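# Structure assessment
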Amino acid sequence: LLREQFQLPDNIQVHAYGSGPKPVVSGADVVPNSQLSPTSGTLHTFQISLPAIALTSNPYAGISNSDVLMVWDNSVRLGGRFQNNQTSVSGVDATPGSFYWDATAKVLYLHPADNSDPRSNGRLYEASVRTLAVHGGNGVLVEDVIGEKAYAQNTTGQQGYGILAYGAGTYRRCIGRFSWNHSVGVANSLDAGPLTFDSCQAEDAEPNITNPAPATLFVAFRDGTVTSNVTFSNCVARQPNTANNVKGFYAHGGTVAAVAQDCGAENLLYGAEFDS
């Protein structure tokens, strides 16, 4: 498990060997249980100061993180979907399984779902703090890697990718999941060469509720002067439940040519939409 924005240089190959689980690159950091403290005037709320949130960026969207958008309790999201997060300490205290991020004070408040004490309940708490988990360079080959829990926003936009393929290359048997707005995506602007997602999975993209742009599981985008070619082959797009504004496979932009071959979509009203 790597907790970082895993940036791959151009023309590199990344392979996972052996018969065990795929290696995971996470956009979330551990919230140390022992450093949580009870919040004064509340019954079940605990807090921690997080002044050193990892400074990562999304070069495609031109934003860097300033907010914690999701908190995890043993890999279960506190607050459920993004729109259920709280906006005050009192809201957290009244809602088991929720959290509130005070972006000004840089303090995280959380309320365990079972009203337990997080300092002693033995559970793992994480805060998603990075815009990207896996960020591929140009001409890469990446096999059997999972990118997850990438959420970030600031005052000008929201983006999060489990896997962002920024140029040409091949991603094989990779998984992008638990991401804000997009799970696996491409801003294929560095090279007009082909980009292929082969036998990949995209799972559980968080719908973008503050911006009319659709959330996607797989997205191909190109808006330049030379056409880029993107192929989704034997890929599967999955949501935990049907979401109105989440697309399984989405291609847009004036100069992207996208093809989906032998792909599937589960729990989606919009399995595929190509407007390019």
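Predicted, not measured: the structure shown is a model, and the values here were computed from it. (Residues numbered from 1 in each chain as written. Predicted model: local features only at pLDDT ≥ 70, side-chain atom pairs only at ≥ 80, totals over all residues. Heavy atoms only, no water.)

### Notes on the overall build of the chain
Within the chain, the secondary structure is distributed over one helix and 30 strands. The burial tally for the chain puts 55% of its 276 residues in the buried class. Looking at the chain alone, contacts between residues at least 24 apart form 70% of all its contacts between residues at least 6 apart. When the accessible surface of the chain is split by element, carbon and sulfur atoms take 49% of a total near 11200 Å². (Helix = DSSP H or I, 4+ residues; strand = E, 2+ residues; numbered from the N terminus. Buried < 20%, exposed > 50% of the residue type's maximum accessible area, 1.4 Å probe, protein only. Contact = heavy atoms within 4.5 Å. Areas by Shrake-Rupley, 256 points an atom, 1.4 Å probe, with all protein chains shown as cover.)

### Some details on the sheet that holds strand E5 (residues 28-30)
Spatially, E5-E14-E10-E11 is the arrangement adopted by the four strands of the open sheet, whose pairing is antiparallel. Each of the sheet's edge strands pairs with one partner strand only, and the pair in question is E5 and strand E11 (76-77). Across three bridges, the pairing between E5 and strand E14 (residues 125-128) is antiparallel. Note on E14: the bridge partner recorded for Val-30 is Glu-126. (Pairing = 2+ DSSP bridges.)

### Some details on the packing of aromatic side chains
In this description, a pair of aromatic rings is defined by centroid distance and the angle of the planes. Tallied over the full model, the rule gives eight aromatic pairs. Where Phe-197 meets Phe-232, the ring centres are 5.5 Å apart and the plane angle is 15 degrees; that geometry is what we call stacked. Of this pair, Phe-197 sits in strand E24 (residues 195-198) while Phe-232 sits in strand E27 (residues 228-233); the two residues are 35 residues apart in sequence, bridging distant segments of the chain. Each member of the pair, Phe-197 as well as Phe-232, carries the same accessibility label: buried. Every member of this aromatic cluster is reached through a ring pair, and the members are Tyr-171, Phe-197, Phe-218, Phe-232 and Phe-249. Taking the ring centre of Trp-72 as reference, the NZ or CZ of Lys-149 above it sits at 4.8 Å. (Phe/Tyr/Trp six-rings, centres within 6.5 Å; stacked < 30°, edge-to-face > 60°. Lys NZ or Arg CZ within 6 Å of the ring centre and 35° of its normal.)

### Topic: the pairing of E24
The pairing of strand E21 (residues 169-172) with E24 spans four bridges and is classified as parallel. Bridged to Thr-170 within E24 is Thr-196.

### Some remarks on the environment of Gln-201
By secondary structure assignment, the location of Gln-201 is in strand E25 (residues 201-206). Taking the C-alpha atoms as reference points, Gln-201 and Val-236, separated by 35 residues in sequence, lie 4.9 Å from one another. Here Gln-201 is in contact with Cys-174, Ile-175, Gly-176, Val-184, Phe-218, Val-236 and Arg-238, once residues within four sequence places are set aside. At 2.7 Å, the side chain of Gln-201 and the side chain of Arg-238 are in polar contact. (Polar contact = N/O pair within 3.5 Å; in protein donor to acceptor, adjacent residues only side chain to side chain.)

### Some remarks on the sheet that holds strand E12 (residues 98-102)
Hydrogen bonds between backbone groups are what pair the strands of a sheet, and the pairing can be parallel or antiparallel. With antiparallel pairing, four strands are arranged side by side in an open sheet as E6-E7-E13-E12. On the outer flanks of this sheet lie strand E6 (37-38) and E12, each paired with one strand and no other. Bridging between E12 and strand E13 (residues 107-111) involves five bridges; their strand directions are antiparallel. The partner of Ser-98 across the bridge, within E13, is His-111.

### Examining the confidence of the model for the chain
Looking at the chain, the pLDDT average stands at 84 and 84% of residues meet or exceed 70. Least confident of the elements in the chain is strand E18 (residues 153-154), whose mean pLDDT is 58; most confident is E6, at 98. (pLDDT = per-residue confidence, 0-100.)

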